[in-house]
Amino acid sequence: MTTAQPLDVQPTPLALLLLGREADPRSERGVECPGDLPSPSDPDLVARARAAKEKLGDKVFVLGHHYQRDEVIQFADVTGDSFKLARDAAARPEAEYIVFCGVHFMAESADILTTDDQAVVLPDLAAGCSMADMATAEQVAECWDVLTDAGIADQVVPVSYMNSSADIKAFTGRHGGTICTSSNAKRALEWAFEQGEKILFLPDQHLGRNTAVRDMGMTLDDCVVYNPHKPNGGLTAEQLRNAKMILWRGHCSVHGRFSVESVEDVRARIPGVNVLVHPECKHEVVAAADHVGSTEYIIKALEAAPRGSKWAIGTELNLVRRLANRFANEDKEIVFLDKTVCFCSTMNRIDLPHLVWTLESLADGKLVNRIEVDPETEKYAKLALERMLALP
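Residues numbered from 1 in each chain as written. Predicted model: local features only at pLDDT ≥ 70, side-chain atom pairs only at ≥ 80, totals over all residues. Heavy atoms only, no water.

### Re the pairing of strand β5 (residues 156-161)
Counting buried residues along β5, six of its six residues qualify, which places the element largely inside the surrounding structure. Residue alternation in β5 divides its side chains into two sets, V156, P158 and S160 and V157, V159 and Y161, and both sets are buried. Sheet topology note: the β5/strand β7 (residues 198-202) ladder contains five bridges and is parallel. Its bridge partner lying in β7, P158 is registered against L200. Sheet analysis places β5 next to strand β6 (residues 178-180), joined by three bridges and oriented parallel. (Buried < 20%, exposed > 50% of the residue type's maximum accessible area, 1.4 Å probe, protein only. Helix = DSSP H or I, 4+ residues; strand = E, 2+ residues; numbered from the N terminus. Pairing = 2+ DSSP bridges.)

What follows is the structure, encoded as structure tokens:
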């Protein structure tokens, strides 16, 4: 009887990562947070956070993204979207510690824009971003090789969404591209088309498609989707040569949940409702909505809305719920677009116990969970960010 020989198969780094046996420090995937966290049932958490923050005084500057929990937002010195917060941090050079209540790529951007003397801290290192995870430096380098083999790399300008890792921002800077936000994506694409004939848009396919088709008059046929998990991105050289927009196959796990059925359902339930969605939603959802815009646009639209108006909002639930409470006394009816509750799971990792642990550690002179971008990556990522800041 022959004894079966073991297969000489070595698991790939990705397989080990998915099995939870390895960590990838160059991706957005989180790692365990060191230290003992206070119990979430501790009734003194608010008082402890307040005391630690007061002890730190001007040494600490707390940033709170719009999608954060209310229990965390109450301690933020400023609130906003990711880039606004990074710029706010850069405008406070006297703050020794920048505590970023957001996700990993946001803290990276803050580290890039702040001074070397400032430490950017993320209360939970597991607060990553699924969208940013969908484009790694290795995958994007391979994509560029595919574009080179197709003979079009010299015609392509990369444009990367702010919701990307520092590595992807650095790739963009090295290859003559720029960064964009959901507010200035059209301006960024217009600039890029002045530099080249085609755009590689990373990592959110929906923002890229919506901006190109809805805002710039291109057609869906002008867009192709590059899938990093398929040979040559699943595209032929002819498809790449014919495309104007090469969209990375990435998306936001929250905004990707909204559907045309969600829009139809809310219109049936609430006659006269205004549907307002984020441009990270699918193209068909954006086409079915009444208004489309960034988180800042959504907030300003509701501020300007007349009393008694009705709104269904397609973005993260923490923000929608906060806006509904804020404008309730103005008789504005504000509901979540989908019937299914959908928080950003990674954004919600930043909770009060993590914030208390962070502030108390800093108050005791212990620097924890520092986010640092290496000098070479920072150099080119900053170059891409500066190109965005210089947009007209």
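### Observations concerning the packing of aromatic side chains
Under the definition given, this model contains three aromatic pairs. For the ring pair W144 and F171, a centre distance of 5.6 Å and an interplane angle of 80° mean the geometry is edge-to-face. Note that W144 is positioned in helix α7 (residues 137-149) and F171 in helix α8 (residues 166-174), a separation of 27 residues in sequence. When sorted by exposure, W144 lands in the same class as F171, which is buried. Plain terms: the ring middles of Y226 and W248 are 5.3 Å apart, the flat faces sit at 25° to each other, and that makes the pair stacked. (Phe/Tyr/Trp six-rings, centres within 6.5 Å; stacked < 30°, edge-to-face > 60°.)

### A closer look at the environment of D111
Inspection of the secondary structure puts D111 in helix α5 (residues 104-113). Between the C-alpha atom of D111 and that of G308, which follows or precedes it by 197 residues, the distance is 43 Å.

### Considerations on the nonpolar core
The tendency in soluble globular proteins is for nonpolar side chains to be buried as a group. Of all hydrophobic cores here, the largest spans 107 residues; its most connected members are V99, F201, M245, V277, I334 and L359. If sequence neighbours within four positions are ignored, L359 has contacts with A49, A52, K53, L56, V60, V62 and V99. Of all hydrophobic cores here, the second largest spans 21 residues; its members include A135, I152, L240 and A243. (Core = buried A, V, L, I, M, F, W, Y, C linked by side-chain atoms within 4.5 Å. Contact = heavy atoms within 4.5 Å.)

### What about the side chain of E378?
Examined against the element boundaries, E378 turns out to sit in helix α17 (residues 375-389). Buried charged residue E378 carries no salt bridge. Nearest counter-charge: K382, at 5.3 Å. Among residues more than four places away in sequence, those in contact with E378 are D111, I112 and V373. (Lys, Arg positive; Asp, Glu negative; His and termini not counted. Salt bridge = Lys/Arg side-chain N within 4 Å of Asp/Glu carboxyl O.)

### Regarding the environment of R50
Position of R50 relative to the elements: it lies in helix α2 (residues 45-56). Sequence separation of R50 and V356 is 306 residues, and the distance between their C-alpha atoms is 8.7 Å.

### Some points on the sheet that holds strand β13 (residues 333-336)
The strands that make up a sheet pair up through hydrogen bonds in the backbone, lying either parallel or antiparallel. Pairing within the open sheet is parallel, and its four strands lie in the order β11-β10-β12-β13. Each of the sheet's edge strands pairs with one partner strand only, and the pair in question is β11 (291-292) and β13. In the sheet, strand β12 (residues 310-314) pairs with β13 via four bridges, with the strands oriented parallel. Note that in β13 the partner of I313 across the bridge is F336.

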